[in-house]
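Listed below, chain by chain, are the residues.
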Amino acid sequence: MRSAGPYYPALTGLAVQTTSSGMPIVLIAHSGAGALVPLVAERLGGNVGAIFVDALLPYPGRSWFDTAPDALKQRLNGLAVDGRLPPWPSWWPRGAIAKMLGDPALAESFEAECAALPIAYFNEIAPISRAMEPLHCGYLQLSGGYAEEVATATADGWPVRTLALNHLAMLTHADAVIAVLDELIASIDIR
């Protein structure tokens, strides 16, 4: 993210740009990308579903920092330099991402692709969109950090599955994740 904001419209535009329309679409949103789902669905129109994978649920009318625990907000604000946060792997204890990924070459490649982020994005208020209301959604939990989202998804009647792996299991256990995603996509039944 190199633009000066607003960030939600720019990120939504990137997501829509890489998505073809004209047929049913299931958005797969991981981690912080969950916040973009209603905006992407709204821009795509038509028959859209979504699977949230170890992801935040949308928080329209609030900022990412509004949803984060105070300790995390303080830590991230302390890491910011010249209005930018270091790449995501730097937010965690040294070696945590490499341990999670288990393969030093994979960890190095992953970390090299992560960029510094403008702290203004985390303070930006997410736009309000009504697109979530008609969406068929499901949730795949990969780590313990998303219990609140799982509880909300369950209460909303979404199909929910859990793989007790790690937040980056799409890289470390791709076959298992794909199998559960296929099951969830079938269960939300968009046509």
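Up top is the structure.
Quick caveat, the model's predicted, so the values are computed rather than measured.

## So, the pairing of strand 5 (residues 136-141)
For step 1, the next point in the chain: Burial runs high along strand 5: 5 of the 6 residues are buried.
For step 2, the next point in the chain: Two strands pair when backbone bridges link them, and strand 2 (residues 48-55) and strand 5 are joined in this way by 5 bridges, in the parallel orientation. What sits directly across from Gly 49, in strand 5, is His 136.
For step 3, the next point in the chain: Both strand 5 and strand 6 (residues 160-162) contribute to a ladder of 3 bridges, which runs parallel. Looking at the pairing, Tyr 139 lines up with Val 160 of strand 6.
For step 4, the next point in the chain: For the handedness criterion, the β-α-β arrangement of strand 5, helix 8 (residues 147-155) and strand 6 is classed as right-handed.

## What to know about the pattern of salt bridges
For step 1, the next point in the chain: Tallied over the entire structure, the rule returns 2 salt bridges.
For step 2, the next point in the chain: Among the salt bridges present, the one from Asp 70 reaches Lys 73, with a minimum N-O distance of 3.1 Å. A residue pair is termed a helical-turn pair when its members lie 3 or 4 positions apart in one helix, as Asp 70 and Lys 73 do in helix 4 (residues 70-79) at 3 residues.
For step 3, the next point in the chain: By relative accessible area, Asp 70 is classed as exposed at 52%.
For step 4, the next point in the chain: For Glu 183, the salt bridge identified is with Arg 161, shortest N-O distance 2.5 Å. Taken together, the positions of Glu 183 in helix 10 (residues 174-188) and Arg 161 in strand 6 put the pair 22 residues apart, joining distant regions of the chain.

Cut-offs used in this document
- Residues numbered from 1 in each chain as written.
- Predicted model: local features only at pLDDT ≥ 70, side-chain atom pairs only at ≥ 80, totals over all residues.
- Heavy atoms only, no water.
- Buried < 20%, exposed > 50% of the residue type's maximum accessible area, 1.4 Å probe, protein only.
- Helix = DSSP H or I, 4+ residues; strand = E, 2+ residues; numbered from the N terminus.
- Pairing = 2+ DSSP bridges.
- Right-handed = clockwise from strand over helix to strand, strands pointing away.
- Salt bridge = Lys/Arg side-chain N within 4 Å of Asp/Glu carboxyl O.

Function-wise, these values are silent; they only describe arrangement.
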